[in-house]
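Residue strings, one per chain:
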Number of protein chains: 4
Amino acid sequence: MKNMNINTTISVLGPARIPSPLTSQGVTRDGKTRFMKDEYRISVDVRVDRVAGENKDSLLSFEQAGPRENIYFDPSKLKCAVVTCGGLCPGLNDIIRSLVLELYHVYGVKTIYGIRHGLQGFIPKYGHDLIELNPERVSGIQNTGGSMLGSSRGGQDIGEIVDCLERIGVGLLFMVGGDGTLMASKAIGDEILNRRLKISVVGIPKTIDNDIFLVSRSFGFDSAVDVATLAIKGAHNEAEAYPNGIGLIKLMGRHSGFLAATAALAQPDANFVLIPEEEILLHGENGLLAAVERRLALRKHAVIIVAEGAGQNFFEDKDIEHDASGNLKLKDIGLFLKTEISTYFKSKNIPISLKYIDPSYIIRSLPANANDSVFCGLLARDAVHAGMAGKTNLLISFWNNNYVHIPMDASAGQRKKMDPSGRLWQSVLESTGQNLLFNG
Amino acid sequence: MKNMNINTTISVLGPARIPSPLTSQGVTRDGKTRFMKDEYRISVDVRVDRVAGENKDSLLSFEQAGPRENIYFDPSKLKCAVVTCGGLCPGLNDIIRSLVLELYHVYGVKTIYGIRHGLQGFIPKYGHDLIELNPERVSGIQNTGGSMLGSSRGGQDIGEIVDCLERIGVGLLFMVGGDGTLMASKAIGDEILNRRLKISVVGIPKTIDNDIFLVSRSFGFDSAVDVATLAIKGAHNEAEAYPNGIGLIKLMGRHSGFLAATAALAQPDANFVLIPEEEILLHGENGLLAAVERRLALRKHAVIIVAEGAGQNFFEDKDIEHDASGNLKLKDIGLFLKTEISTYFKSKNIPISLKYIDPSYIIRSLPANANDSVFCGLLARDAVHAGMAGKTNLLISFWNNNYVHIPMDASAGQRKKMDPSGRLWQSVLESTGQNLLFNG
Amino acid sequence: MKNMNINTTISVLGPARIPSPLTSQGVTRDGKTRFMKDEYRISVDVRVDRVAGENKDSLLSFEQAGPRENIYFDPSKLKCAVVTCGGLCPGLNDIIRSLVLELYHVYGVKTIYGIRHGLQGFIPKYGHDLIELNPERVSGIQNTGGSMLGSSRGGQDIGEIVDCLERIGVGLLFMVGGDGTLMASKAIGDEILNRRLKISVVGIPKTIDNDIFLVSRSFGFDSAVDVATLAIKGAHNEAEAYPNGIGLIKLMGRHSGFLAATAALAQPDANFVLIPEEEILLHGENGLLAAVERRLALRKHAVIIVAEGAGQNFFEDKDIEHDASGNLKLKDIGLFLKTEISTYFKSKNIPISLKYIDPSYIIRSLPANANDSVFCGLLARDAVHAGMAGKTNLLISFWNNNYVHIPMDASAGQRKKMDPSGRLWQSVLESTGQNLLFNG
Amino acid sequence: MKNMNINTTISVLGPARIPSPLTSQGVTRDGKTRFMKDEYRISVDVRVDRVAGENKDSLLSFEQAGPRENIYFDPSKLKCAVVTCGGLCPGLNDIIRSLVLELYHVYGVKTIYGIRHGLQGFIPKYGHDLIELNPERVSGIQNTGGSMLGSSRGGQDIGEIVDCLERIGVGLLFMVGGDGTLMASKAIGDEILNRRLKISVVGIPKTIDNDIFLVSRSFGFDSAVDVATLAIKGAHNEAEAYPNGIGLIKLMGRHSGFLAATAALAQPDANFVLIPEEEILLHGENGLLAAVERRLALRKHAVIIVAEGAGQNFFEDKDIEHDASGNLKLKDIGLFLKTEISTYFKSKNIPISLKYIDPSYIIRSLPANANDSVFCGLLARDAVHAGMAGKTNLLISFWNNNYVHIPMDASAGQRKKMDPSGRLWQSVLESTGQNLLFNG
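Cut-off values and rules
- Residues numbered from 1 in each chain as written.
- Chains lettered and ligands numbered in written order.
- Predicted model: local features only at pLDDT ≥ 70, side-chain atom pairs only at ≥ 80, totals over all residues.
- Domains from an automatic or database assignment.
- Contact = placed C-beta atoms within 7 Å.
- Nonpolar A, V, L, I, M, F, W, Y, C, P; charged D, E, K, R; others polar.
- Least-squares fit on C-alpha atoms with pLDDT ≥ 70 in both.
- Pairing = 2+ DSSP bridges.
- Helix = DSSP H or I, 4+ residues; strand = E, 2+ residues; numbered from the N terminus.
- Axes fitted to C-alpha atoms, helices over the stretch in contact; angles between N-to-C directions.

Our next topic: the domain arrangement of chain A. Often, the extent of an interface is quoted as the loss of accessible area upon association of its parts. Residue and element names in this part refer to chain A. By domain assignment, chain A separates into domain 1 (11–218 + 367–411) and domain 2 (222–365 + 421–438). Every contact between the two is made by 20 residues of domain 1 and, on the other side, 18 residues of domain 2. Of the residues in the side of domain 1 that touches domain 2, the class split is five nonpolar, 11 polar and four charged.

This is the structure in structure tokens:
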């Protein structure tokens, strides 16, 4: 990414002049300060090849996240709000809980509103009540899946949202959501600027597909892999049990194959993994159908993982539709493949036993695993630190093992994709032996 | 069942004259024998009402399972075979493992054939090899789901099956399967009788629906409930998160609602449970659709569990098809309800968020839980005891907390169903509060 | 048990004259009533041997549990109380939740007190507050282990307890606890009788050891087996990995080996299972130490499960102590064996690698699994039905697949033990091959 | 680490002149090569502060791991060996499996020896057989905990080990183990150099404590956190249930508190976390005992996590012992605290209910979770790539989200520790609120 033109400058509402309430605890016993400075930055790229005599001073870097010595908002007067948007994802309740505990106990912010059902919760006509959040209210919620605040899909009028923020006097808004939400956040931030309001907007990126740009890891993704392995095990057992058994699993991944690829490495029973980043050949010598036939001839069973966004090339443009969030409505590649495979083998008069598994909502709606819980806690704490310091229009990202600040406009509207020549996908190819499939 | 005309007499190949190899261990330290006698019987009904002066001597009872003092087969010369048929079910590998260990270590039978892919494995044209089973081969298989022998659906020619048994010299055949398999077992037993062969056939009933007649508990059912609760939790979290959220879960249960009802009690988040035993009203004041609408008006979300065999009254007779096993192909009530609910609320202009979960193969293909593992081990041991004693054409059942012998013709071809006025279903009605739904 | 002299008559406070609020739902669509009659009884013994011409009329039987057509208490005026006592056990929160929902929604009882921290909660000097229980308060608690009411060990003054019941006006008390609690319940019941109060006391037996007399299954036991299998797997992996590896697991079971035996069948990796019902030989040719040595010589590793109450014969009488509940304080057989085994092999100059695992509180404190959740729900509902009908001094038991009423004085003070010549223990002996160990 | 003097140069046996068998798959469809060059390097430090005008050319960096275009060994003639040493850790079988599959399928190495029981397996006098490893042999082993090769603790004669390697003709040795093993690897590498042998030694670092120097993440650690959360949940439920309940959990961590700290964030129920990096005050106003007393007074229960290496300052020097691996034998801080806490409250006449949980081997011996499985697969593949390229005396590390080569002598003999002013520990302090405890 060295030559990419990415804005890495973080906006602030104004100078942070208030000593952080953390000050008394800010110096550890060994005399070191625990506060971050804005000058602390994390290199975007960690490849420092000896080949080239590059000018390392030009290294792109992100501002490091963490508590600041001075903050912008006066905690005793600040009102905060939290909203979760879009599809469910393991860890939403961990995020909500940690935001509340950090604001309440560490910074002393006592008024925290939970906005119900995503962006709908800002709009009067839906009639969703606000929830007052405090430590008792969020106690134990991390052990349950879903979001205690609820969610909704689709956009809402930006003006009405900012009206609501003004009306209830919110100074700091945390928005948890995917790409659509981040674009809404940006629009909200712009409108706030237009109105010359002092409201900070901090985004926490959420995507079960793990495909947000400039975010190396999304919360909930690891939990999703955990559960996806159950489906793969099941498909494998079904495939092995029956003569010419085929197990076909559809996993999430609208624009990227991270979940399909990672799950395939975690439970290495799959023989074919199909992802949006690689166009699928279906027919012909090098196509999937012939490859499955060869596999059955050789080993009597086959396991196929398909990401939901794979193979969209099979569908006609005229079929294009969009959902309430404005996302492209994908054609169901799982059911499509199920039909194609059945038809193919029927035409060849080869009896098969095909089992189709679509675990979707079972994955989305369960609690975060231990790893994601830790991650969510740290993301949320850093979101609070950033917001209290008056930073705005940014999102909290994990990059090169560090938590960093990304300007919203640097990320929103783009997708992270798997690099077909990268280690992850190459490892899948080695693990499955499916390499020839794509060499048309 | 007191007045039912059930045959409870167990067939034997001939007198058992060989002292059991267990004899030396047959008397425990406290001087008691551990052998069962054929006269030991388990009452079919445990209700002994004081009201009536019934003649208790007429109590219907089943022969108790367990090791016999004398056995029929000479272990050093006996060849056994094991076959697993039909759909996968947690515990198949536990059964195979325990059959092999009991035959090999306790009785000293050294030749045990594993028949591959269900009844197909008997038929030459399929070309499936036999597997030689021994303790090393089955070591650890219980930790994996599926069946190490594989399975297949559909019947095969009975004559050819018995030809195969004769050809490889099997004296004792263990058949693990559902109702169709039990009927095949019976036909095999009859053919064996016709040919005057000395081959014992012992059935171990398998059904994830828990609906085999005269069998109070089927292996794998408890594991199925375990996993089904995950799907219910997920559906509930999805339903709660969205305005007018509806979670719809389809669970197994072609003719009975045991799994749907038990899972609904295990994870008490469902508001409606639909089972084959109770006809569903869809439309009208007392119909499901209006009830869901009332529920949404009141509580903003609803969770519905539907057994796959429920609501078959909605489908036309002309649609009837059968699968390879001769089972009636059920119309997909899950997808049907998904469409009906969407259409209903669309017509009323009420936006809903409907999530459909069908965990089927994830449930079927996982390993048995601890409880089912114990159960499978005991079932398999008793199957060996029965077979070694020369008993035939029977199945091993669990009844009133005891393992018993059931003549195959007493069970095959009938279904166990939930009693709508029994405790299980009544508890579901109390737990969901859905009582009015069925009072048309 | 045919000749045992067991009292099976249930006490009542007085005639039940109030039609049950369930009446309108009491007749199911098929015209059958769902109400139980007191004359419905469940046979204690299901063995009906054809050998003897026994008089079946003398069959011992228990009153069947379930809703009665008439009840004793007026729900609108009744106050109930719930208390959980003794050690934690998976399912306590399921029990509390189901008691509250059944009382509140089905019978219409609106005042339900939760007594905090076991019997201490009745005694003013401890200062524990009452909790008002209602459906909202118990929502979701079943997903958490422990007891939302807390618990405590040890007895309290019976007079003070009954004083408290009088003071707060409780008419129906549910006591969840083990043998000590049941004896306290009995004493409370007697004192209530002495004072001519109309207070019903219903016990729900709780024991992770599954050893309550006349109770075939205790809630939480199946969940305990689930978790115990993890410890056995771990011990087995440790034992196999190291030269002469020994895995030693201590499981609960003060007076009985049900948990040790059942877990050994569920995860069949153990070579030795030691239980209180069978005295252990340690030294000599037939002793455990020599047997472990032989096992190591043959297979290089060994796994041993010991119930905490096993081998108490090794400890001197003078060491006897009692805990706060008056239970005999057992000497720690796990640590004792760990030392003895180490010493033995050191003396023989045989290097071993011994790993000791004691999962105790991990088992006790986790939530109930699906199977136990269903079971707890049904136990609690039947406890409510019994109490509302004015029955008292009884406990709800599961017997021969039916829920029944057992008079408290028939069960309290006795222990259920494993029958050494029964199927469970014999299966363990077969599974481990440890038979010779006990033939001194 | 910018100014640290770390050797980052990787040794090679000689020039790699053989085209990799991966060549035909080396160019991906998009024309990019998937091969790594030795000049590709990963920055050791990703902090690139704008404050200082540092010379970025001096950035310390590690050689990036991955497949090389040319390799050193001829796969058709190469014999490899794998050994696992020291304590068990989730993922050992994943590592073994992936090493074998990569060597066998990708590079075409057909002779792979499994060395049994750690370093003992090289030494004739122990009599452990070699295992021939191939894809069939390692199929499915990743679903089981432990190590299929076994392990042992303690060192062995370096000369004898290299004798063995010569005798069986091994050219490439993979050593999986902790700090002691890495030091042995280094000694083996030196001896190989002395003897002018062409044997490559590649280390894969293993530590459940996650404390290997220059290794940001160890395999098995995430799985350990998963299981540790169960123990914390259990301890919390026990603590809450009883008046003045205290749950005390001991977790692994001889020299570092990573596991204790991470688990405390994953299941945020702990009030005190004690780690080796922070000296504990026990007595006095600011000591743990008084802090627990204050906590009980305020909240009636407390949960304490202690890393096994914490509080070693309490033990006298004269008590120092070492185990077979030469590791310092730690005094048992868990039992020590159990006694100290009991004594303290007894002396104050405050009744408490203290439950002690030590999950150790349950954690160590279970299979890797999904996340660790993926990680192990990638580590093992990179170990194969490094070894095939003739690189030696290195270990495969994960650093800044990249897999890198670390010279063995740069890591062995040092420990990674938690930074007390770093984000992880500071987050634990915030989460528990225990900050004052250490401010003596």
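The subject of this paragraph is the relation of the copies chain B and chain A. Note that the two copies of the chain are related through a rotation about an axis and a translation along the same axis. It takes a turn of 180° to lay chain B on chain A, together with a shift of 0.0 Å along the axis; the resulting RMSD is 0.0 Å. Read as a symmetry element, the transformation amounts to a two-fold axis. Considering only C-alpha atoms, the part of chain B nearest the rotation axis is B:Pro359, at 3.3 Å. Comparing contact sets, 100% of the residues at the interface of chain B also lie at the interface in chain A, consistent with an isologous, same-surface contact.

Backbone-to-backbone hydrogen bonds pair the strands of a sheet. The strands run either parallel or antiparallel. All names here are of chain B. In space, the nine strands of this open sheet follow the order β3-β4-β19-β18-β10-β9-β6-β7-β8, with mixed pairing throughout. At either margin of the open sheet sits one strand with a lone partner, and together these are β3 (41–43) and β8 (131–133). Between one strand axis and the next, the sheet turns through 35° on average, direction left out of account. Together, β9 (172–177), β10 (200–205) and β18 (394–399) form the strand contacts of helix α4 (residues 179–194), whose direction differs from that of β10 by roughly 170°.

Glancing now at the sheet that holds strand β13 (residues 301–307) of chain C. Residues and elements named next belong to chain C. With respect to topology, four strands assemble into an open sheet ordered β12-β13-β11-β16, the strand pairing being parallel. Each edge of the open sheet is held by one strand with a lone partner, namely β12 (272–274) and β16 (353–357). Averaged over neighbouring strand pairs, the angle between their axes works out to 15° when direction is ignored. Inspection of the sheet shows strand β11 (residues 245–251) paired to β16 by five bridges, in the parallel sense. When the bridges of β16 are listed, Ile246 appears paired with Leu354. Seen against the sheet, helix α6 (residues 258–266) touches β11, β12 and β13 and runs at an angle of roughly 145° to β13.

A few words on unusual backbone geometry. Positive phi values are uncommon outside glycine, yet C:Asn349 reaches one of about 60°. You can see C:Asn349 is positioned in the loop between α8 (333–347) and β16.

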